[in-house]
Every structure is written in C-alpha cells, then in structure tokens.
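So you can see what is in the structure, the chains are spelled out below.
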Amino acid sequence: MQQLTLIRPDDWHLHLRDGALLNSTVPASARVFNRAVIMPNLVPPVTTVAMALDYRQRIMSALPPSMSFEPMMALYLTAETSAAEVAKAASDPHIIGFKLYPSGATTNSAAGVKSVEALAPVLEAMQEHQVPLLVHGEVTDGDIDIFDREKVFIDRHLVPITTQFPALSLVLEHITTGDAVDFVSQANDKVAATITPQHLLMNRNDLLVGGVRPHNYCLPILKRREHQQRLQQAALSGSPKFFLGTDSAPHVKANKETSCGCAGCYSAPAAIELYAEFFSQHDALDKLENFASRFGAEFYGLPLNQQRLTLTRSEWAVPQSLETADGSIVPYYAGQSLQWQLAELG
Ligand code: DOR
Ligand code: ZN
C-alpha cells in the first residue's frame, strides 16, 4: 500500500500552552486534526468556563486563516470546583469535560486534587449533567514507586469511582500499563482510554539504555516492554474503548536537557505520522482510521469529521529542532525517520 486516506482525525488529549507559543503549537496540530481536547494545566490553571472561553479565543487567534481547528476545552478540576460550574460547563458547547490532576502528579499540577474522595459531590453533578471526567491516573505518594503509580491509582481511586458513579463518562488519559488496559476493558462502556504515540512506540529502555534520553521522558513514565505490548494489543484490538490522544506537551530544549528536566513529548509536528508508523509496523494500517478518527468522536457523542486526510508512503525525518517564540523545542522522535507522510487534507 502506498497511499492511505482516512476520515480527518481528532486529538483527544493535547497541550498547546499559551502566549506566543500558540503561533507554533496551534498550526502544528491543525495541519492534521480537526478537533482537539485542550488541557488546562496553564499557570494559573483554567478552572472556570469563563477562563476556558478566553483561552479558546487566544487559541483561535493563533490559527492561520487557511486552517480549520476546533479546540474543545477541558476545565481543571480543583477542590473548589462547584456543581454550578459543572452545570455551566454542561451547557457550553466549547467545553468537553473536567480534567482531574492529582496534586503534584505532573507539569503545573500543584493546584490539583489532594483528596479524590472529597470530589464525590462534584462527580455526582458531572454524572447528572453528563459531563465527562478526564483523568491523569497516577498517585503521587512518595512511597509509591513511579512505575507503580498508575496501577495504584486505578485500584485506590478508579475502581471506587466507577462503582459509585456507573453513569459517569470517564477517560483514563495516556494509559501506560496492562493494568490500565484491563481496567478499561472490564469497565462499562462509559469508560475509555487514550493512548499516546510514545507509549506505543517505546518502552523504558528507550528512556534509559545507553544514556538518559530526556526527550522520551513524559508522565506517566514509559513502562517495561510487557506493558508496551499490552497497549499495542489494545490499540490493535479494534476495541472502541481505546483511541488517539497524543498528550503532545512542548517544553523548550533548555527545560528538557537540564539537571531536572520537564516531562512531556512534543509529538504534534509528526503526530499522525507516528501513529501510522506504529500501525504500519504491525501490518495493521487498516485499523488506524477507527483509532484516530472514529472511536473518540463516538465516545464523546460527536459527529465524524467530513474532511479526509491522505498519507503517502515516503520516508522523511522528524526535524532535529524547531524554532519557536519561547526558544528551540526538540520534537519527539527528532532526527528519526518515519515511513508515512501527510500528503493532503481536503
Ligand atoms: O509528560 C507530561 N507532560 N505528562 C503530563 O501529564 C503533562 C504534560 C505537560 O503538561 O507537560
Ligand atoms: Zn497531558
């Protein structure tokens, strides 16, 4: 096969940041994706509908007139989030849900949730108003090993939440373990998961063997090969519970290549090509369209995109570095070659 045409895909988990960097990040995603769920971990966090609509405006201002793109805003859940804000979010078509960051779990999560149990009233409101809960599923306790944090979060928090709120739509974001695959597979059809390109293409050897590779460092951290294989099987399985969410998360080179580097892989400049690489490696390019363009939209109850995107088989290399208003950014997979290239969007 030399050419592949898909329904235009959506990115169900994306960090665009703010300010002048939007002039780089917005076109990088809009070149491929029609819709994207925009993460709210700015400083200060995007906690209200009003803040999210302002942020959305700034995103739209950075969109070149020749491109189309629809940011679907996620609000940052805190201990102060009220049932009234949930109702407001439910009635605004630009808001897609609330993102639960355990406090201290990742970039700009200091304002996150310290007690998941205390969220019960707000989760009740989300269930009632049919507002999805998007979850960064890792505990942050110092005594829990970083490689076990996803499993412990599932056992400690997600099993109780899905039992107590069976009608709540819940997306476990950027899953990294076989435990997460099992949890999502066994849960009811209100529960789904996103999978990033780096967790499909890499495991912790790619982070640590032969030297530390800061551009492969993200959270949840890459796990051992057996977990990677479970994620690969989930993406290849054709189950509608598993769909595309890049978690593309830019940090400037100086903040990645340093003694205490930031977590995040900037995959947007090659996102669909990276997923095509994975599906192609597994001789399963016929599964890419459902994963990238159908299952997420169906889960969120949104129409499929009208446009089509064509990829051609033609080797290219991801750029070593990209210049942005904030400084140089090294994209995920920099310097490595990919077999599929974007040919056309129309
Ligand atoms: O690696 C990550 N980077 N994981 C996250 O959860 C957040 C993200 C970021 O915002 O940089
Ligand atoms: Zn993220």
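Residues numbered from 1 in each chain as written. Chains lettered and ligands numbered in written order. Predicted model: local features only at pLDDT ≥ 70, side-chain atom pairs only at ≥ 80, totals over all residues. Heavy atoms only, no water.

*Asks:* Whenever I open this one, helix α1 (residues 22–30) confuses me. Can you help?
*Replies:* Owing to its 3.6 residues per turn, the α-helix brings residues three or four apart onto one side. Burial analysis of α1 places seven of its nine residues in the buried class, the great majority of the element. If you check which residues of α1 are buried, you get Leu 22, Thr 25, Val 26, Pro 27, Ala 28, Ser 29 and Ala 30. Against the buried residues of α1 lie β2 (11–14), α2 (49–61) and β13 (337–345). (Buried < 20%, exposed > 50% of the residue type's maximum accessible area, 1.4 Å probe, protein only. Helix = DSSP H or I, 4+ residues; strand = E, 2+ residues; numbered from the N terminus. Contact = heavy atoms within 4.5 Å.)

*Asks:* Help me understand the coordination of the zinc ion (ligand 2) in this model?
*Replies:* Ideal geometry at a metal centre: 109.5 degrees between donors when four sit tetrahedrally, and 90 or 180 degrees when six sit octahedrally. For the zinc ion (ligand 2), the protein coordination sphere consists of His 13 (NE2), His 15 (NE2) and Asp 247 (OD), at 2.0 to 2.1 Å. All donors to the zinc ion (ligand 2) come from one chain, and their sequence spacing reads H-x1-H-x231-D. On the criterion of sequence distance, the pair formed by His 13 in strand β2 and Asp 247 in the loop between β9 (242–244) and α10 (253–256) is long-range, its members being 234 residues apart. On the basis of relative accessible area, Asp 247 is assigned to the buried category, the value being 7%. (Donors = N, O, S within 2.8 Å, 3.2 Å for Na, K, Ca; no water.)

*Asks:* What exactly am I supposed to notice about the packing of aromatic side chains here?
*Replies:* The description of an aromatic ring pair uses the distance of the two centres, along with the angle that the planes make with each other. Evaluation of the coordinates by the stated rule reveals nine aromatic pairs. The interplanar angle of 40 degrees and the centroid separation of 5.8 Å between the aromatic rings of Phe 243 and Phe 299 together place this pair among those described as tilted. Placement of the pair is Phe 243 in strand β9 and Phe 299 in helix α12 (residues 288–300), with a sequence separation of 56 residues. As far as burial versus exposure is concerned, Phe 243 and Phe 299 are alike and both buried. (Phe/Tyr/Trp six-rings, centres within 6.5 Å; stacked < 30°, edge-to-face > 60°.)

*Asks:* Mind showing me how you'd approach the sheet that holds strand β10 (residues 308–317) here?
*Replies:* Backbone-to-backbone hydrogen bonds pair the strands of a sheet. The strands run either parallel or antiparallel. As summarised here, the arrangement of the three strands in space is β1-β10-β13, forming an open sheet in which the pairing is antiparallel. What marks the edges here is a single partner per strand, and that holds for β1 (3–7) and β13. Averaged over all neighbouring strand pairs, the angle between strand axes comes to 35 degrees, with direction disregarded. Bridge count between β1 and β10: five bridges; the pairing is antiparallel. What sits directly across from Leu 4, in β10, is Leu 311. (Pairing = 2+ DSSP bridges. Axes fitted to C-alpha atoms, helices over the stretch in contact; angles between N-to-C directions.)

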